[in-house]
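So you can see what is in the structure, the chains are spelled out below.
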Amino acid sequence: MVTTRSRQFASDNYAGICPEAMAAMMAANAGHQRSYGDDPYTQRACDLLRDLFEIDLQAFFVFNGTAANSLAISALCQSYHSVICGELAHVETDECGAPEFFSNGTKMLLASGQDAKIDPLSVEAIVRKRDDIHYPKPRVLSLTQATEVGTVYTPEELAALGHMARKHRLRVHMDGARFANAVASLGVSPKEITWQVGVDVLCFGGAKNGLALGEAVVFFDAQLAEEFDYRCKQAGQLASKMRFLSAPWVTMLENGTWLRHAGHANAMAAELEAGLRAIDGVGFLFPRQANSVFVQLPERAIDSLHQLGWHFYTFIGAGGARLMCSWDTQPEDVAALLADVRQVMAAP
Ligand SMILES: *Cc1c(COP(=O)(O)O)cnc(C)c1O
């Protein structure tokens with residue numbers, strides 16, 4: 001289906017490829033290169049990730065987030081283990097059982113918390129619930145940063161979760177489909193919300209931040225990355241022309257483009273939120289901390305906005321309308337949407 005508007009607020013994966021990533025792909029297309037990741041772009045992208053996180057690490061590039069999460073989780077546990085994740089976690093609600101599939105049956109156990117951020121006490125309650133052989137043994141704590149509802153864990157909150165995980169011998173996986181937005185929102189260095197607070201593996205998103213495709217699976221513990229290349233290959237996630245996944249990462253990391261785009265998307269969401277707060281009758285479901293705004297609107301207002309050609313989801317996260325900004329959202333897009341929301345909310 002062709003969208004009549006050039007830019008939408010449906011998802012950050014509606015947006016196209018950013019010019020920097022496109023230029024990097026074009027440059028990587030200049031001639032022949034070694035295949036399956038044995039190329040200088042992939043090498044350089046891994047080195048740049050080491051620089052960014054200020055630690056030695058192992059990184060792998062896969063096609064999408066579902067593969068990144070599922071394969072990362074499968075590297076952390078056995079089939080008889082369980083993964084503690086949030087009720088709204090992408091790994092639970094939006095991956096069609098892929099984490100369980102690639103782990104050969106690992107069970108997801110659902111933890112709760114305010115604004116989709118897992119409460120450490122909820123983790124402890126799940127771990128303590130049973131300790132017998134009949135219960136799938138909790139092995140992994142999976143956190144999403146930024147969360148599915150656009151909130152962001154602070155370094156302190158992550159440290160408390162990391163502490164709880166260590167206490168109960170859980171490994172920590174971070175779904176960072178919007179990690180860049182979280183870093184931009186917090187103004188921290190990436191290490192402060194990953195390995196320094198106990199994260200073992202991060203799935204660092206690229207597609208939602210301007211790449212065509214390609215997520216980085218980043219292991220801070222080299223032992224956990226052992227044979228991960230085989231998992232990727234078996235799962236159909238080893239790109240033969242790997243340079244087209246990794247070269248855009250090189251460009252994005254080299255000059256801070258990844259953070260600039262994420263900061264821009266966050267700023268557009270802040271502007272959208274400010275405008276919406278000035279409109280009577282618009283409710284807010286979650287604190288806006290990254291690049292999405294979750295609003296409660298009357299059903300007829302939602303219908304009218306859809307009829308006006310606006311695309312947005314009403315079933316992602318916890319319902320309401322999710323308005324998502326991207327690296328390429330422009331102030332005039334925000335103004336246009338706000339004008340239409342004002343109009344439909346004022347309609348008798
Ligand atoms: C988009 C997203 C992913 C990745 O989804 P894919 O469609 O598999 O690339 C993972 N986690 C979260 C929280 C997401 O929003």
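Heads up: the structure comes first, above all this text.
What counts, and where the lines are drawn
Residues numbered from 1 in each chain as written. Predicted model: local features only at pLDDT ≥ 70, side-chain atom pairs only at ≥ 80, totals over all residues. Heavy atoms only, no water. Axes fitted to C-alpha atoms, helices over the stretch in contact; angles between N-to-C directions. Helix = DSSP H or I, 4+ residues; strand = E, 2+ residues; numbered from the N terminus. Parallel < 35°, antiparallel > 145°, perpendicular 65-115°, else oblique. Contact = heavy atoms within 4.5 Å. Nonpolar A, V, L, I, M, F, W, Y, C, P; charged D, E, K, R; others polar. Phe/Tyr/Trp six-rings, centres within 6.5 Å; stacked < 30°, edge-to-face > 60°. Lys NZ or Arg CZ within 6 Å of the ring centre and 35° of its normal. Expected span 1.5 Å × (residues − 1). Buried < 20%, exposed > 50% of the residue type's maximum accessible area, 1.4 Å probe, protein only. 1 Å grid on protein atoms, 1.4 Å probe; cavity = no way out; pocket = protein on both sides within 12 Å on 5 of 7 lines; lining within 4 Å. Points joined across faces, edges and corners; volume = space filled by probe spheres on them. Domains from an automatic or database assignment. Near = heavy atom within 4 Å. Polar contact = N/O pair within 3.5 Å; in protein donor to acceptor, adjacent residues only side chain to side chain. Areas by Shrake-Rupley, 256 points an atom, 1.4 Å probe, with all protein chains shown as cover.

Peer 1: Break down the packing of helix α10 (residues 243-254) against helix α11 (residues 257-277) for me, citing the residues and quoting the values.
Peer 2: Two elements in contact, α10 and α11, have axes whose closest approach is 5 Å; the angle formed by their N-to-C orientations is 75 degrees. With respect to their mutual orientation, α10 and α11 come out roughly perpendicular. Contacts between α10 and α11 involve T251, M252 and L253 from the first element and T257, W258 and H261 from the second. A class-by-class count of the residues in the contact of α10 with α11 yields 3 nonpolar, 3 polar and no charged.

Peer 1: An account of the packing of aromatic side chains is requested, with residue identities and associated values reported.
Peer 2: Applying the stated rule across the entire model yields 13 aromatic pairs. Taken together through their ring pairs, the aromatic side chains of F53, F61, F179, F204, F220, W249 and W258 make up a single cluster. The ring of F284 has R277 lying over it, and the distance from NZ or CZ to the ring centre is 4.0 Å.

Peer 1: Lay out helix α7 (residues 155-167) in plain terms, naming residues and giving numbers.
Peer 2: Taking 1.5 Å of rise per residue, the 13 residues of α7 would be expected to cover 18 Å, and the 18 Å separating its terminal C-alpha atoms lies within 8% of that figure. Within α7, burial applies to P155, L158, L161, G162, M164 and A165. Tucked into the core, α7 has its buried residues touching α6 (120-129), β4 (137-144), β5 (171-176) and α8 (179-186). The positive-phi residue at the C-terminal boundary of α7 is R169, with phi of around 55 degrees.

Peer 1: Could you give an account of the layout of surface pockets, naming the residues involved and the relevant values?
Peer 2: The volume enclosed by the largest pocket comes to roughly 660 Å³. Surrounding the largest pocket, 32 residues form its lining, S11, N13, H90, R178 and K208 being those nearest its centre. For the lining of the largest pocket, the secondary-structure elements that each account for two or more residues are α3 (65-76) and α4 (90-93). At 3 residues, α3 tops the list of elements feeding residues into the lining of the largest pocket. Classifying every residue of the lining of the largest pocket by side-chain character gives 11 nonpolar, 12 polar and 9 charged. Each of domain 1 (19-254) and domain 2 (261-346) contributes no fewer than three residues to the lining of the largest pocket. Approximately 500 Å³ is the volume attributed to the second largest pocket. Lining the second largest pocket are 22 residues, and of these S74, A75, L76, C77 and R231 lie nearest its centre.

Peer 1: Got a sec to walk through the site of the ligand? Specific residues and values, please.
Peer 2: Around the ligand, a shell composed of N64, G65, T66, N69, H90, E95, T144, E148, D175, A177, R178 and K208 is seen. T66 is positioned such that a nitrogen or oxygen atom in its side chain is 2.5 Å from an oxygen atom of the ligand. A distance of 3.1 Å separates an oxygen atom of the ligand from a polar side-chain atom of R178. Expressed as a share of its isolated accessible area of 390 Å², the protein-covered part of the ligand is 81%. Taken together, the residues of the shell around the ligand sort by class into 1 nonpolar, 6 polar and 5 charged.

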